[in-house]
Each structure stands twice: as structure tokens, then as C-alpha cells.
Amino acid sequence: IISPIPIVHRTRMLKWPFGTRGKAAAKPTGPGLSPARVAGTGEAAAGLRPIDIALEHHQAGRLAEAEASYRAILASNPQDIDALHFSGVAAHQRGERERAAQLISRALSLNPSNAPAQNNLGNVLSAQGRRDEAIACYRSALALAPDYLDARANLGSALVARGDFDEAVACYEK
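Residues numbered from 1 in each chain as written. Predicted model: local features only at pLDDT ≥ 70, side-chain atom pairs only at ≥ 80, totals over all residues. Heavy atoms only, no water.

1. Structural notes on the overall build of the protein
Inclusion rule: Labels follow the DSSP assignment, with helices taken as runs of H or I lasting at least four residues and strands as runs of E lasting at least two, numbered in each case from the N terminus. To measure how exposed things are, a 1.4 Å probe is used in the Shrake-Rupley method; for residues, cover is taken only from the protein chains shown.
Secondary structure assignment for the protein yields 10 helices and zero strands. Listed by position from the N terminus, the elements making up the protein come as α-α-α-α-α-α-α-α-α-α. Summed over all atoms, the accessible surface of the protein reaches about 8,700 Å², with 54% contributed by carbon and sulfur.

As C-alpha cells, then:
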């Protein structure tokens, strides 16, 4: 779990997302990016999907490379849910809140049952000061994945920020 973005209250982005098709996303294995993979070769030999390479760049803090990878994925498949979602996360990390909300919302329009995307949209909305909408996103994430601790923590923080202390306590106690 990473917390790449300073926000008024603590929010967390999911390090490795749930899959978009009801299965857990496979985390790439191995020691990380080899020089050949950084140079753009060797991905097929490693058996990794383009989204895996993009996520490795993203997780390593190489946002420019990650965003270039997401753009390439979206050029061939404009409805790639993961590329849309994580392009939105990257935009959020760059401070492009409106673009982030649009990209993550587009991913959710294609798959509303993506709990991490619901949570991350909540983070973006919270950063925009749209607390009630953020709370709704965190609740949606929890309805989809009741044990999703990041969404629960984000919901509790948003409730505290809104002044709903009793509800926040109840949220944290679950």
C-alpha cells in the first residue's frame, strides 16, 4: 500500500489493484525492471502484459514512463479499464484533479464493480473538496469489498473531516 499523494486527510492508493474481471490482478514477479525492459524490449519474453509494465513504472515512481505506457495501451484499446484507472491515478499524483476524475470515472462507467477505482475516485474527489461525493465513492468501494481497509480508512477520515465523529468511530470499529 502506498500513499503517494499528500491530501488534507490521509488517503491511500492501492498498490496492486483487484482485477477488472473479478479475479485478483497478477503482480509481476522477478526482481524488477531489467535494463532491457526499461529500454522497451524483453516484455514479451518476460510474459508480462503491457499494463504490468506500466504498473511497474508507476510503482517505481516513473510517472512519465507509466503515463506513456498507459497512453499506448489506450491508443490500441480506448476502453482498457486498468489503463484508464491508473492514468487517472497518475493524473491525480501530478495534481491534475479534473482529468483524474474524468479518467477514473470513465473506467468506472465500464466496470462500476472495481472497488479500487471507486476508492481512488473518492481520493480525487476529496482532494477537490467534494467530500460528500468522496464519501459515496468510499461507501461504494466498501459495498463491493467489505474488507477493503484502505476504503474504510479513507471513509473514516472523510467522515471526521465532515464532522461526523460518531459515524467515523462506527466505521473504524467495523
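2. A few points about helix 5 (residues 81-93)
Cut-off, in case you're wondering: Here, expected helix span is obtained from the residue count minus one, scaled by 1.5 Å. Here the term buried applies to any residue with accessible area under 20% of the maximum for its type, exposed to any over 50%, and partly exposed to those in between, with areas from a 1.4 Å probe on protein chains only. Here, residues are in contact when the closest pair of their heavy atoms is within 4.5 Å. Contacts described as polar in this section are N or O atom pairs within 3.5 Å, which, within protein, must combine one atom able to donate a hydrogen with one able to accept it, while residues neighboring in sequence count only if both atoms come from side chains.
A rise of 1.5 Å per residue sets the reference length of helix 5, with its 13 residues, at 18 Å; its end C-alpha atoms lie 18 Å apart and thus fit the reference within 8%. Most of helix 5 is tucked away, with 12 of its 13 residues classed as buried. Among the residues of helix 5, Ile81, Asp82, Ala83, Leu84, His85, Phe86, Ser87, Gly88, Val89, Ala90, Ala91 and His92 are the ones counted as buried. Tucked into the core, helix 5 has its buried residues touching helix 3 (50-59), helix 4 (63-76), helix 6 (97-110) and helix 7 (115-127). Capping the start of helix 5 is the job of one residue whose side-chain oxygen sits 3.2 Å from the backbone nitrogen of Asp82: Asp80. Gly95, located one to two residues past helix 5, shows a positive phi value of around 85°.

3. Some details on the environment of Leu63
Turning to its location among the elements, Leu63 is positioned in helix 4. Sequence separation between Leu63 and Gln93 is 30 residues, and the spatial gap between their C-alpha atoms is 8.7 Å. Residues in contact with Leu63, not counting those within four places in the same chain, are His58, Ala90, Gln93 and Arg94.

4. Considerations on the environment of Pro50
Along the polypeptide, Pro50 turns up in helix 3. In sequence terms Pro50 and Ala83 are 33 residues apart; their C-alpha atoms lie 9.5 Å from each other.

5. Description of the pattern of salt bridges
The test is simple: Should a side-chain nitrogen of Lys or Arg be within 4 Å of a carboxyl oxygen of Asp or Glu, the pair is scored as a salt bridge.
This model, assessed by the stated rule, comprises seven salt bridges. Where Glu167 meets Arg139, a salt bridge forms, and the shortest distance between an N and an O atom there is 1.9 Å. Of this pair, Glu167 sits in helix 10 (residues 165-173) while Arg139 sits in helix 8 (residues 131-144), and the two are 28 residues apart along the sequence. On the basis of relative accessible area, Glu167 is assigned to the partly exposed category, the value being 33%. Each member of the salt-bridge network shares a partner with another, and the members are Asp132, Arg162 and Asp164.

6. Comments concerning helix 7
Spanning 13 residues, helix 7 covers 19 Å between terminal C-alpha atoms, matching the ideal 18 Å at 1.5 Å per step. Within helix 7, 12 of the 13 residues are buried, leaving the element largely enclosed by the surrounding structure. Three or more residues of helix 7 are buried, namely Ala115, Pro116, Ala117, Gln118, Asn119, Asn120, Leu121, Gly122, Asn123, Val124, Leu125 and Ser126. Check the buried side of helix 7 and you find it contacts helix 5, helix 6, helix 8 and helix 9 (149-162). One side-chain oxygen at the N-terminal end of helix 7 lies 3.0 Å from the backbone nitrogen of Ala117; it belongs to Asn114. A positive backbone phi angle near 80° is found at Gly129, which sits one or two residues after helix 7.

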